[in-house]
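# Chains, contacts and geometry: an overview
So the chains spell out like this:
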Amino acid sequence: LIRRLLVAALALHHQKHGALNLEAHEGAVHTILMNLFIQHKQSAQWKGAIEFMHVSKSGGSSFCRLAKDNGCRSQNFYRKNCLITDFNDEPRYFDAKVHKQLAGGAKTRCSKGLKTITYRSKELICHDRRIRLQKKGFTMYANEYTALGGRMDPALAHACPNMLTVLEIRHPYSRTLSHIKHAWEWYRIYCGPDRENVYFAKSGHNTTRWWTALMPAPTNNYLVRSLLGEKVFRLPQGGITRDHLALAMNFLAEQYDVVLVLEDQLQFKEGMRYGL
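Here's what I pulled together on the structure shown here. (Residues numbered from 1 in each chain as written. Predicted model: local features only at pLDDT ≥ 70, side-chain atom pairs only at ≥ 80, totals over all residues. Heavy atoms only, no water.)

### Remarks on unusual backbone geometry
One non-glycine residue, Lys-57, adopts positive backbone phi at about 65°. Positionally, Lys-57 belongs in the loop between β1 (50-53) and α3 (60-69). In this structure, Cys-82 takes a positive phi of about 70° despite not being glycine. Tracing the sequence through the fold places Cys-82 in the loop between α3 and α4 (96-103). (Helix = DSSP H or I, 4+ residues; strand = E, 2+ residues; numbered from the N terminus.)

### Some details on the packing of aromatic side chains
Per the stated rule, a full pass over the model turns up 14 aromatic pairs. Here the aromatic rings of Phe-52 and Phe-63 are separated by 4.1 Å at their centres, their planes lie at 20°, and the arrangement is stacked. Of this pair, Phe-52 sits in strand β1 while Phe-63 is found in helix α3, placing the two residues 11 residues apart along the sequence. Of the two residues, Phe-52 and Phe-63, both sit in the buried class. Among the aromatic residues, those joined into a cluster by ring pairs are Tyr-93, Phe-94, Trp-184, Trp-186, Tyr-187, Tyr-190, Tyr-199, Phe-200 and Trp-211. One cation-aromatic arrangement involves Arg-195 over Trp-184; the distance from NZ or CZ to the ring centre is 3.8 Å. (Phe/Tyr/Trp six-rings, centres within 6.5 Å; stacked < 30°, edge-to-face > 60°. Buried < 20%, exposed > 50% of the residue type's maximum accessible area, 1.4 Å probe, protein only. Lys NZ or Arg CZ within 6 Å of the ring centre and 35° of its normal.)

### Let's talk about the sheet that holds strand β2 (residues 140-143)
Strand order across the open sheet formed by 4 strands is β2-β1-β3-β4, with parallel pairing between neighbours. Each end of this open sheet is capped by a strand with a single partner; those strands are β2 and β4 (258-261). Pairs of neighbouring strands in the sheet enclose a mean axial angle of 20°, with direction left out of account. As paired elements, β1 and strand β3 (residues 164-169) share 4 bridges and run parallel to each other. Across the sheet, the residue bridging to Met-53 is Leu-167, located in β3. Across the face of the sheet, α3 comes into contact with β1, β2, β3 and β4 while running at roughly 140° to β3. Across the sheet, helix α12 (residues 265-275) is in contact with β3 and β4; its angle to β4 comes to roughly 155°. (Pairing = 2+ DSSP bridges. Axes fitted to C-alpha atoms, helices over the stretch in contact; angles between N-to-C directions. Contact = heavy atoms within 4.5 Å.)

Fair warning: the whole summary comes from geometry, so function is off the table for now.
Dropping the structure here:
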């Protein structure tokens with residue numbers, strides 16, 4: 001947090017007053033920033049494990065495969081996107097009631113098995129997660145649901161500070177569009193002809209109104225919901241407030257060691273190189 005505050009202060013100074021006087025300040029700034037980076041690096045090495053907050057449709061699958069290519073170990077890099085089965089962090093997208101409404105009472109190939117929005121059956125605390133990773137010899141895992149600790153109060157939501165916490169974000173418009181396209185393909189794969197013949201047979205079903213009802217979290221402030229835990233994640237459309245946004249912004253600054261921005265390729269490469 002100190003490192004980020006200092007960099008932000010330097011950036012603001014540069015915007016308002018121009019470049020620093022190199023002779024007077026460059027050496028001191030360089031020394032301070034290098035010391036903070038060395039502490040960041042030593043902390044990451046000491047933690048020895050990565051918790052990747054996988055906000056769906058933000059490049060997480062590619063990140064998981066890059067982790068494998070660079071020697072990380074996890075339960076399943078491809079089919080499960082680095083998810084650990086026992087952690088109950090699998091993604092949850094669909095409102096089961098709306099899914100049934102779209103079917104109109106018909107029995108289909110995908111009446112069950114949806115990625116429905118449900119609570120974790122059991123929430124493992126960070127200490128237990130780290131112990132289980134160590135026992136299995138794993139060095140990273142992904143959480144593709146929402147932060148821990150926020151089932152009753154979003155102010156208690158958190159990433160795991162005993163691991164190197166990584167978050168990758170994407171512009172919300174692009175991410176939401178990608179998510180809807182993914183859901184449309186999911187219906188093709190798992191429902192087959194029932195996608196066109198049942199769920200989206202009526203002309204009014206394949207509209208914004210139905211998609212936002214079917215996927216209330218993915219189509220409405222998904223990143224905020226992902227950072228604030230299960231209570232906020234399950235709020236209906238329009239339930240996210242500016243107070244939630246402010247809390248999520250604080251958590252973004254305080255809880256995540258490495259933040260990657262999918263569209264900013266220069267920052268992304270630097271983050272991968274130096275942050276990880």
